[in-house]
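# Results of the structural survey
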Amino acid sequence: MLLRALCCSLLLGILPVICMEHKGHISVVLLGATGDLAKKYLWRGLFQLYLDQAAKGNSFSFHGAALTPPEKGQELMFEVLKTLTCPADVTPNRCALMKDQFLKLSRYRQLKTAENYTALHQDIVSSLFDEGLHEAGRLFYLSVPPFAYADIARSINASCRPPPGAWLRVVLEKPFGHDYESAKQLASELQTVFLEDEIYRIDHYLGKQTVDQILPFRRRNRKHLDPIWNRRHMERVEIVLKETVDAKGRTSFYEEYGVIRDVIQNHLTEILTYVAMEVPLNLSNSEVLREKLELLGSLRNLEQSSTVIGQYLDYLPQVREELEKGTHFFSNTPTFAGVLAHIDNVRWEGVPFILTSGKALDERTGYVRVVFKDDAFCMQKEANRTSVRSPCKPKQIIFHIGHGDLGFPAILVSRGLFKPNLPTSQWQEASELPSLQLFGQPLSDYYVYRPVQEKDAYSLLLSNIYLGRKNSFITTKSLLASWNFWTPLLESLDQVSPRMYPGGSDNGHLLDFVMKDGGLHFAADQHLEVLGMGQKADTFGVAQSKFLGSPLVSDWAEHLIQQLAHNIQEAAEEAIKRSGSFHLALSGGSSPTALFQRLSRHHHGFPWKHTHLWVVDERCVPLTDPDSNFGNLEEHLLQHVRVPYLNIHPMPVHRNQRLCVEEDLGTEAYTQEISALVGNASFDLVLLGLGNDGHTASIFPGARDGVEGDKLVVFTESPSKPHQRMSISLPLINKARKVMVLVLGKGKHDIVTLISRVKQDPKKWPITGVNPTSGKMVWYIDYEALLR
Ligand code: BG6
C-alpha cells in the first residue's frame, strides 16, 4: 500500500486534515531521465509538481527511463534526484519529508525494447491493483532526440496505453521538423498513434512567467488596452532574444538549424501570436488556439529583404572542428537574424513586428517591447518635464522575459499609460528598483511588476500538462502554420552569405539594422578601408582596394570564393563571346579546392562546353596520386561538371612510364599543346596561389628556369616534397589576359605583409614577377591573410 500510504500520510502528516478522497493515480514516465534537460529542469519540475499537487488528492509515481542498463541508470538518476531542493516557501521539515517521499516514488527502468514497454505497463497496472488505486492518467515525457520519437510512440501506443477512462499525455521536445514538409511528416507519424489531445509539444518559452502572462495581462487590462492596442497607436513591436553563448558543442544540431529554426520559428513566433492575436473572452484552450491560428494565417509572406543575417566569426572553425570538416568547408548558417514581419489585418496593418535573436552577442536578455506612437507636442522645455505622466515621455510596455540589466522577469508599463492590473497572488509591484535606464527611461518612469515567486519554465509547463492546459503547447495545426510561414524564407536564405561578426562587445554597431524600403538593412556600411598593411579593420564586408598596385578584393574566405567564382564565370562568358572558347589555367594546392567546389555546385550555368582547362603547375607524381594537382582538380571539379574530354589538358609529367625525365620532352609537349590551342599563348585567365616563401605556380625562390626568358613551360625544384615539378613560366603567365591570385588563411599573413613591403624581385619572391604585359591582375586575399 505504498502509494496510497504516501498520499494519506502526506496529508495527515503535513496538513491537519483527514485523508481526502483519492482522485486517482498518475504515472509519470520520463524518457531521457539521465540526460541534460532532465538533470537541469525536468526532475526539478516534476518535484515541484509533486509539491504542488500531492496534497490535492492524486497519488503519483515517477518512472525515470533511458537506454542505460538498470543498475547504472538507477545510479545516475539518483545522483540527480539527491540534489533536488525546495522553493523558499517550503519549510525545511516539509521539504525533507516531501523529498523523501518523492525519492520513494521514483524508480529507474531501462526502456529499450517493445517488451520493456509491455513490462512497464504490467508493472503499473499490477502495483495499482495491489494498492487498490485507480489510474487517472499516464504522462510520458520524451526528452530524447526526435529521431527516436516514432519508435517510442509506437511502443507506447502498442503496449503502454492506460486503461479506458484514464488520460494519456505524451510530451515532446523540439525540434518538430526542419521545415514545413518534415514537420508535416513527423506530425502525421504521431497522428497515426496518438490523438491530437494526447500530444503536448513543448515550447519552453511559453512557460516563461512573463510570456505566460501576456494574454491574461491583455485580458485584465483591456479597458486601457483596447483603445491603443492597434495600428493607430502602436509604433512597433520588438521581440528579442539575445544570447552571449555561442553554438560551440552543439554545432551538429546548429549547422542544420541556424538561429531562425532554433528560436525564431518557435519561441519568438509564439510570443508574436500572444502579442498580436485577438484575445478571446474566455482564455480556454480551444478559443486561444483558434485565435492563434487566425493570426498565423494573417502574417504577410516574408521576402529575403525582410531579413538580415549574420554569423559569428568563430562559428566556422567550431563547425570544422566538431564536424571534422576540412578547410574547404564553408557554412551559410545564420547565428544571428533580424526579421521584419507584418500582419495583414485591420488591427495591425502597417505596424512593424521586429523579431531578432543571435548567439555571441553582447548581452543575454529576452523581451517584448511594445512602443507606442509619440503623439504629443511638448511646449515645456525638456528639463522641466518632471512628471512621469507627462505626455512627452515615451510610452511603452515591456514584457521582460529575463536576464539583461534588469536581471529578473518583469512587466513594465510606462506611467504615462496606465497602472496595470495583475493577479496579486502571482505578481507584485517591485520595490527597491535599481537606478537603471531601460529603453531610454529610468525605471522610476514605469510601473514595474515582478513574479511573487520566480519559477522556471519547465515547472510551469509540467503543471500545465498535469492540468491539461493545452493552450500552453504547440498543436499540429499551429506548428504547421508557423512552418508554412517560415519555410519559404528559410529556403531563400540557403545561398545567402551572412554578415560576419566578431562576437561579444566587439560587434560594435555591426549588427545594428534599420527598416528601409519595406525591408531590413544593416546600418553600418559594408566597406572595409584597407589603409595599408598592419592596420586593423573595424568594419567587415567586401573590401575593394589596391594591393601592389593592382585591384584587391578582400572578404571572409567564403564570400571571397563566391566573388571569385562569379568573376571567373563572367570572364568565361566574355571570352566565349569574343573568341568562342575560354582557356583557363588553374593552380594546385589547397586554396583553390573550395573554389572548385563552389564552381561545380553553384555555377550550373557555367559554359564548360567551351572551356579549356589547363594546369599552372604539376608535381612529378602520377596523375592518380593524391599529391597530383590534376587529381585534385579532377576530384573536386571535373567529376562534377561536363567539360569535353578534349578540352582537358593535364601536364604531361608521366611519360614513357617515367616521371619528369627531360628526355621525355614533357615540357615541350605542353608548350606545343598551348601554342597550338591558345591564341598567341595568351590564356584568358590564369589562377595563381601564393606560397609562404613567395612562390607562385611552381616557380620557387632562386629558381633557375621560368622567371625570365622565352620558355613557356619548365621543370623546377621545390624545397618541399615532392621536389620535382613542372610549371608554366612567369613570362607565359604574364601573357595572360587576366591573372587572379587567391590567398587564403592566417598562415599567409606574414608573406602577404612581406611582399607588400619588398621591392619587385622575382628571383627572390617569384610572385613579384607576376605582372601581365597587357592583361589585368586582381588579388583575392581573405581577411585572415590580409589582417589576421
Ligand atoms: C533553446 C534553443 O530552445 O532556447 C537554444 O535551442 C537557446 O539555442 C535556448 O539557447 C534559449 O533558452 P533560454 O531559456 O536559455 O533563454
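The rules we used
- Residues numbered from 1 in each chain as written.
- Predicted model: local features only at pLDDT ≥ 70, side-chain atom pairs only at ≥ 80, totals over all residues.
- Heavy atoms only, no water.
- Phe/Tyr/Trp six-rings, centres within 6.5 Å; stacked < 30°, edge-to-face > 60°.
- Helix = DSSP H or I, 4+ residues; strand = E, 2+ residues; numbered from the N terminus.
- Buried < 20%, exposed > 50% of the residue type's maximum accessible area, 1.4 Å probe, protein only.
- Lys NZ or Arg CZ within 6 Å of the ring centre and 35° of its normal.
- Near = heavy atom within 4 Å.
- Polar contact = N/O pair within 3.5 Å; in protein donor to acceptor, adjacent residues only side chain to side chain.
- Nonpolar A, V, L, I, M, F, W, Y, C, P; charged D, E, K, R; others polar.
- Pairing = 2+ DSSP bridges.
- Axes fitted to C-alpha atoms, helices over the stretch in contact; angles between N-to-C directions.
- Salt bridge = Lys/Arg side-chain N within 4 Å of Asp/Glu carboxyl O.
- Contact = heavy atoms within 4.5 Å.

## Observations regarding the packing of aromatic side chains
- In total, this model carries 28 aromatic pairs according to the counting rule given.
- Aromatic side chains F47 and F102 sit 5.1 Å apart centroid to centroid with 55° between the ring planes, which places their arrangement in the tilted category. Separated by 55 residues along the polypeptide, F47 in helix α2 (residues 36-53) and F102 in helix α4 (residues 92-105) bring together distant segments of the chain. One exposure class covers both F47 and F102, and it is buried.
- Judged by centre distance (4.9 Å) and plane angle (70°), the ring pair of F485 and W486 falls under edge-to-face.
- For W486, a relative accessible area of 0% translates into the label buried.
- Cluster of aromatic residues (ring-pair linked, three or more members): W43, F47, Y50, F60, F62, F102 and Y466.
- If you follow K208 out to its NZ or CZ, it ends over the ring of Y205, 4.7 Å from the centre.
- The ring of Y200 has K470 lying over it, and the distance from NZ or CZ to the ring centre is 4.8 Å.

## Digging into the site of the ligand
- Every residue near the ligand is listed here: K174, H204, Y205, K208, E243, R250, D262, V263, H267, K359 and R364.
- Y205 places a side-chain nitrogen or oxygen 2.4 Å from an oxygen atom of the ligand.
- The side chain of D262 places a nitrogen or oxygen atom 2.5 Å from an oxygen atom of the ligand.
- The class makeup of the residues in the shell around the ligand is two nonpolar, two polar and seven charged.

## Details of the sheet that holds strand β8 (residues 307-312)
- Pairing within the open sheet is mixed, and its 10 strands lie in the order β14-β17-β13-β12-β11-β7-β10-β9-β8-β18. Across the chains shown, the open sheet's two edge strands, defined by having one partner strand only, are β14 (427-429) and β18 (499-501). For this sheet, the mean inter-axis angle between neighbouring strands, taken without regard to orientation, is 15°.
- Across six bridges, the pairing between strand β9 (residues 336-341) and strand β10 (residues 353-358) is antiparallel. Within the sheet, the bridge partner assigned to F336 lies in β10 and is G358.

## Regarding the pattern of salt bridges
- Summed over all chains, the structure comprises 29 salt bridges.
- For E243, the salt bridge goes to K359, with nearest N and O atoms at 2.8 Å. Remark: K359 occurs in the loop between β10 and β11 (365-372) and E243 occurs in the loop between β7 (234-242) and α11 (251-276); sequence separation between them is 116 residues.
- The salt bridge involving E454 is made with R450; its shortest N-O contact spans 3.5 Å.
- Ionic contacts of the salt-bridge type, sharing partners, join the residues K174, R250 and D262 into one network.

## Quick notes on the sheet that holds strand β31 (residues 724-728)
- Across the sheet, which stays open at both edges, the three strands sit in the order β25-β31-β30 with antiparallel pairing between neighbours. The open sheet terminates on both sides in strands that have one partner only, identified here as β25 (617-619) and β30 (713-717). Within the sheet, the average angular offset between the axes of one strand and its neighbour, ignoring direction, is 20°.
- Here three bridges tie β25 to β31, and the two strands are oriented antiparallel to one another. Bridge pairing in β31 places R619 opposite R725.
- Helix α19 (residues 666-677) rests against β30 and β31 of the sheet, and its axis sits at about 140° to β30.

## A closer look at the environment of T424
- Within the secondary structure layout, T424 lies in the loop between β13 (410-414) and β14.
- Taking C-alpha positions, T424 is 9.9 Å from Y449, a pair spaced 25 residues apart along the chain.

## Examining unusual backbone geometry
- Across the junction of K174 and P175, the peptide omega takes the value 5°, indicating a cis bond.
- Residue placement: P175 occurs in the loop between β5 (167-172) and α7 (180-193).
- In this chain, K721 is followed by P722 through a cis amide linkage whose omega measures -15°.
- Among the secondary structure elements, P722 is positioned in the loop between β30 and β31.
- Even without a glycine there, the phi angle at N656 is positive, about 45°.
- Along the chain, the position of N656 falls in the loop between β27 (654-655) and β28 (658-659).
- Residue classification places N656 among the exposed residues on the basis of a relative accessible area of 57%.
- Unusually for a residue other than glycine, C660 sits at a positive phi of about 50°.
- Structurally, C660 can be placed in the loop between β28 and α19.
- On the basis of relative accessible area, C660 is assigned to the buried category, the value being 7%.

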